[in-house]
Amino acid sequence: MSGAAGGWWRRKTTPAKVETYTRWSFHFFAVIEVAAIGLPVLSQAGAEVAGRLVAMVVGHAVLCALTASRALDWTRGRREQPVRLLWVLRAATCVFAVAALVLRKHGGTSDDTENATATVFAMVLAFGAGTTALGVRSRRRVVAQTTGFAFGAAMVSLPLGVPGPEAVVTAFVVFLSGSFLAATSIFSVWLLNAVYELDEARETRARLAVAEERLRFGRDLHDVLGRNLAVIALKSELAVQLARRERPEAVDQMIEVQRIAQESQREVRDVVRGYREADLGAELAGARGVLTAAGVACEVTGEAAGLPAEVQSALGWVVREATTNVLRHGDAGRCTVGLRVREGCVVLAVENDGVVVRRAGGSSGGGGSGLAGLRERLAVVDGTLEAGPVGTDGFRLVASVPLSGRATADTNVSGVTS
């Protein structure tokens, strides 16, 4: 059961973890209210008065927890503002607070009873003010609401027999406690929203990087083809005119068109090759830098020096795609990248934790275009690719490329990962 619970937590993304922590923090406020207010009442007041006070505190705490949960969903845009529930909480807070003062007046004259009812009166108002702040966007309204609870505490206390100095002190306590709880609630929501915005900004940055690379590739093709196609069109038109006049120079112009077309084809191949090929050493260093910057502990072992160029290019794309998957499809805390030569094959292994099972399962099945593209690239060099989940939240990608029949300057590639 503990392993399942740990897997449930690890499968969550970082923003989801922060939201879960924030939500349960607000629920813990209800536990604090019961433990700090309700339980001491049992030892202070008489059995009858204590039972009523504890019942009010428990009911108020449950209502606060429900309101906090609904208000948090509203701040995340998942439901409408819980206006009715907020008014119910405000009304219940006032009713419970007045009821505590009535019990103080008619429940006995002992000091313990007076202290218990005064504590319940002040703290119920404070927790009510702090919780309702979650359902209000305007900071001015939060301040006005907290001030109103404090002012109302003083105005209600005086008619029910509370001495003036004590009523002022109670109002001050309600204002300070309510303001602290309201500020804590507001800061927690602000922090949660900031985490979600940062996560969205990271995804946007990744999409912009892809779009920028596509624009660069488009510019390169435009530069290569634009000029040559214009020359081809001009010389073709000139050749047509010369042919109509039966001039022998038309053949020379068409030969020139053929040369430019062949040159354009070669230049396009160079552009595509430059776009597709990846240097393995640079990709390994880049993977370590990118993952470390993203907060993932990355360990890279092995050297790419001495491997054939086509092998480095194919494995470089594996490193690039694997790094992208680690950043996009999970919430990894660590990642290991190992490169080694074993029995005439170059083996590249990339393993990380923090994988969401449904995504890992989708990817491991080979249906994703990223893994399908890697298999196509590796097939050119007779390589293979294996990918799948490892343990409860891990994912491993292993690419193997045979070295037989390929000349290498130095096949001493060191480094082994598990």
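Residues numbered from 1 in each chain as written. Predicted model: local features only at pLDDT ≥ 70, side-chain atom pairs only at ≥ 80, totals over all residues. Heavy atoms only, no water.

> Looking at this model, I keep getting lost on the overall build of the protein chain. Mind explaining?
The number of helices and strands found in the protein chain is 12 helices and 5 strands. Buried positions account for 41% of the 418 residues belonging to the protein chain. Once local pairs closer than 6 in sequence are excluded, the contacts in the protein chain between residues at least 24 apart make up 73%. Carbon together with sulfur atoms contributes 60% to the accessible area of the protein chain, which is approximately 22,500 Å² in total. (Helix = DSSP H or I, 4+ residues; strand = E, 2+ residues; numbered from the N terminus. Buried < 20%, exposed > 50% of the residue type's maximum accessible area, 1.4 Å probe, protein only. Contact = heavy atoms within 4.5 Å. Areas by Shrake-Rupley, 256 points an atom, 1.4 Å probe, with all protein chains shown as cover.)

> In this structure, what is going on with the sheet that holds strand 3 (residues 345-352)? I would like to understand it.
Hydrogen bonds between backbone groups are what pair the strands of a sheet, and the pairing can be parallel or antiparallel. Reading across the sheet, the 5 strands line up as 1-2-3-5-4 and stay open at both edges, with mixed pairing between neighbours. Sheet topology places strand 1 (297-301) and strand 4 (384-390) at the edges, where each strand pairs with a single neighbour. Adjacent strand axes in the sheet meet at a mean angle of 10°, parallel and antiparallel pairs treated alike. Sheet topology places strand 3 next to strand 5 (residues 394-402); 8 bridges connect them, and they run antiparallel. Counted as the bridge partner of Asn352 is Phe395 from strand 5. Sheet strands in contact with helix 10 (residues 309-328) are strand 2 (334-342), strand 3 and strand 5, and its direction is about 10° off that of strand 3. (Pairing = 2+ DSSP bridges. Axes fitted to C-alpha atoms, helices over the stretch in contact; angles between N-to-C directions.)

> Any chance you could explain the pattern of salt bridges here in plain terms?
For side chains bearing opposite charge, pairing can occur when the charged atoms are close. Counted by the stated rule, this structure contains 11 salt bridges. Residues Arg396 and Glu351 are paired through a salt bridge, measuring 3.1 Å at the closest nitrogen-oxygen approach. Within this pair, whereas Arg396 is found in strand 5, its partner Glu351 is found in strand 3, the two being separated by 45 residues in sequence. Shared partners join several salt bridges into a network, and the residues in it are Glu19, Arg23, Asp73, Arg78 and Arg79. (Salt bridge = Lys/Arg side-chain N within 4 Å of Asp/Glu carboxyl O.)

> I'm lost on a nonpolar patch on the surface in this one. Help?
A contiguous nonpolar surface patch, about 370 Å² in accessible area, is contributed by Trp8, Trp9 and Tyr21. Position of Tyr21 relative to the elements: it lies in helix 2 (residues 14-44). (Patch = residues over 30% accessible without salt bridge, like charges linked within 9 Å, V, L, I, M, F, W, Y side chains within 5 Å.)

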